[in-house]
Amino acid sequence: MFGPFGRQLRAAVKQAQLWKASLPPIWRQSQVRACAALLQLQDDCLVLHYGGTRMQFNYVWLRDNCRDESSYNVQTNQRNLDTVSIDLNIRPDHSSVERDQLTLTWPGGHVTKYSLSWLAENSYEGKKNGLMHQRILWNADIYERAKVPSAKWEKFMSCDEEVKFFLQNYLSYGVAFVDGVPASVEATQEVVQRVSIIRETTYGGMWSFTSNFARGDTAYSQLALGAHTDTSYLQEPCGIQVFHCLRHDGTGGRNLLVDGFYAAERLRQLSPKSFELLAGVHVRHEYVESKEGHQNHLTGIGPLLEVYPWNKELFMIRYNDYDRTVIDTAPHDVVQQWYAAHRLLATELRRPENQLWVKLSPGKVIFVDNWRVLHGRESFSGLRQLCGCYLTRDDVLSTARCLGLRA
């Protein structure tokens, strides 16, 4: 009836039927029920093709992360299931994909259901090929061209949308400002507590200081400070640092900001082996203080660059040559390579085009991601009073997530 076209159509249909018949049963089932997903049960894992990605899921993992009421408490978002009770050789008796949902029936009759999008989002392949954090890496020119606006104090204190706007800038650039803050320790503390609790350290909670050498640290002087991260001598360096210049009757004192991730990624491009070396060799940083009323000996050990092991994404730079102590964690030949790699990173950090200089003035509060952005200052004269504090990284990121941001 349809002539040559009809014969071609019948031949194509027959070919498709033969192809489908040649597939293992589980592949035929998935192809019929959800053309967007293909499923296969292998001896050691479940293989799912979905959204253009081939993903493999461990069977114990699939049982362990079941979200039904007996396995997971949706009110507390905690697991009910005792992971140790799962047979390490468990394998589903039956599986199916329908309407973008995977259904698994386990020995004993327990049923687990997952949306395919949830599986894709939580798969190893998804994490390996994606980024945990969406950042904008910058040098001075990139940052200045972006014209990143500051949050406004009055709105910041009363409107969650302004806090969300501020945190989005912080997450993107690793630095963010609030303008119009009253020049007092109390007002600065109120601003800080809009986003996080304050992290207590040997310096206390909120601190206020001048160049009077009240503590055994170069920061308590009028000397210039090169770009560095703070508290590298803690096993977990403080996540965020806050500064507010309450008063400066003198000259100089501009603050230096350097995106450590921009410099480190430049290093990864120029010398991958140097990047890997700085990410692999652990070195010690130390803070030793012996002044009246202050006795401290703090030590932190870690690599200069820290990456997630599954995707090699950089998540922390620990760079402070003031506090770095002797390297006794690697043999002499590796130490020589480490110094060469350190020199390359330092070169990138010190390039003038990578250095952003800002003048802090009363009313301008700056939040600095201490795991990413290095800070320093030029020397100054006159009375210069700063206040500030450290924040817990976890609490800042928690606030961002609660406001709907990816953090």
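The shown structure was predicted, so the numbers you read here are calculated from the model rather than taken from an experiment.

Trainee: Can you lay out the packing of aromatic side chains for me, pointing to particular residues and giving the numbers?
Mentor: A complete count under the given rule lists 15 aromatic pairs for this structure. Residues Trp138 and Tyr143 carry aromatic rings whose centres are separated by 5.2 Å and whose planes lie at 50 degrees to one another, so their mutual orientation is tilted. By relative accessible area, which is 0% here, Trp138 ends up buried. Relative to Trp310, the ring of Tyr308 lies with its centre 4.8 Å away and its plane at 15 degrees, an arrangement referred to as stacked. Look at Tyr308 and you get buried, because its relative accessible area is 16%. On the basis of relative accessible area, Trp310 is assigned to the partly exposed category, the value being 30%. Following the ring pairs from residue to residue traces out a cluster consisting of Phe57, Trp61, Tyr114 and Trp118. Sitting over the ring of Phe177, Lys364 keeps its end group 5.0 Å from the ring centre. The ring of Phe380 carries the charged tip of Arg384 above its face, separated from the ring centre by 5.1 Å.

Trainee: Provide a residue-level description of the environment of Gly388, including the pertinent values.
Mentor: Residue placement: Gly388 occurs in strand E23 (residues 383–391). Linking Gly388 and Val242, residues 146 residues apart in sequence, is a C-alpha distance of 5.0 Å. Filtering out sequence-adjacent residues up to four positions away, Gly388 remains in contact with Gly205, Met206, Trp207 and Val242.

Trainee: Before we move on, can you summarise unusual backbone geometry with the specific residues and values?
Mentor: One can expect most non-glycine residues to show negative phi and most peptide bonds to be in trans. The residue Arg99 is not glycine, and still its phi comes out positive at about 55 degrees. Note on placement: Arg99 falls in the loop between strand E6 (94–98) and strand E7 (101–105). Among the residues examined, Arg99 registers a relative accessible area of 75% and is labelled exposed. Despite not being glycine, Lys147 shows a phi value in the positive range, around 50 degrees. With a relative accessible area of 67%, Lys147 lands in the exposed category.

Trainee: Give a detailed account of the packing of helix H10 (residues 260–270) against helix H11 (residues 272–280), specifying residues and quantitative values.
Mentor: For the pair H10 and H11, interaxial distance at closest approach is 5 Å and the crossing angle is 130 degrees. In terms of axis orientation, H10 runs oblique to H11. For the pair formed by H10 and H11, the contact residues are Ala264, Leu267, Arg268, Gln269 and Leu270 on the first element and Pro272, Ser274, Phe275 and Leu278 on the second.

Trainee: Can you tell me about the pattern of salt bridges, naming the residues and giving the values?
Mentor: Scanning the model with the defined rule gives 16 salt bridges in all. Ionic pairing is found between Glu265 and Arg268, a salt bridge with its closest N-O pair at 2.8 Å. Separated by three residues within a single helix, Glu265 and Arg268 lie in helix H10, roughly one turn from each other. Among the residues examined, Glu265 registers a relative accessible area of 23% and is labelled partly exposed. The partner of Glu348 in a salt bridge is Arg266, and the shortest N-O contact between them spans 3.6 Å. In this pair, Glu348 sits in helix H12 (residues 332–349) while Arg266 sits in helix H10, placing the two residues 82 residues apart along the sequence. What makes Glu348 buried here is its relative accessible area of 3%.

Trainee: Which residues make up the sheet that holds strand E13 (residues 225–228), and what are the values?
Mentor: Here four strands make up an open sheet; going across it, the order is E13-E22-E15-E20 and the pairing antiparallel. Among the strands making up the open sheet, the edge pair consists of E13 and strand E20 (355–358). On average, adjacent strands in this sheet sit at an angle of 20 degrees to one another, irrespective of strand direction. Running over the sheet, H10 touches strand E15 (255–259) and strand E22 (373–377) and is turned about 40 degrees from E15.

Trainee: Just give me the short version of the environment of Lys164, but keep the residues and values in it.
Mentor: Within the element layout of this structure, Lys164 appears in helix H8 (residues 160–173). Given a relative accessible area of 26%, Lys164 falls into the partly exposed group. Linking Lys164 and Cys402, residues 238 residues apart in sequence, is a C-alpha distance of 9.5 Å. Lys164 has contacts with Leu403 and Leu405, leaving out every residue within four places of it along the chain.

Conventions and cut-offs
Residues numbered from 1 in each chain as written. Predicted model: local features only at pLDDT ≥ 70, side-chain atom pairs only at ≥ 80, totals over all residues. Heavy atoms only, no water. Phe/Tyr/Trp six-rings, centres within 6.5 Å; stacked < 30°, edge-to-face > 60°. Buried < 20%, exposed > 50% of the residue type's maximum accessible area, 1.4 Å probe, protein only. Lys NZ or Arg CZ within 6 Å of the ring centre and 35° of its normal. Helix = DSSP H or I, 4+ residues; strand = E, 2+ residues; numbered from the N terminus. Contact = heavy atoms within 4.5 Å. Axes fitted to C-alpha atoms, helices over the stretch in contact; angles between N-to-C directions. Parallel < 35°, antiparallel > 145°, perpendicular 65-115°, else oblique. Salt bridge = Lys/Arg side-chain N within 4 Å of Asp/Glu carboxyl O. Pairing = 2+ DSSP bridges.

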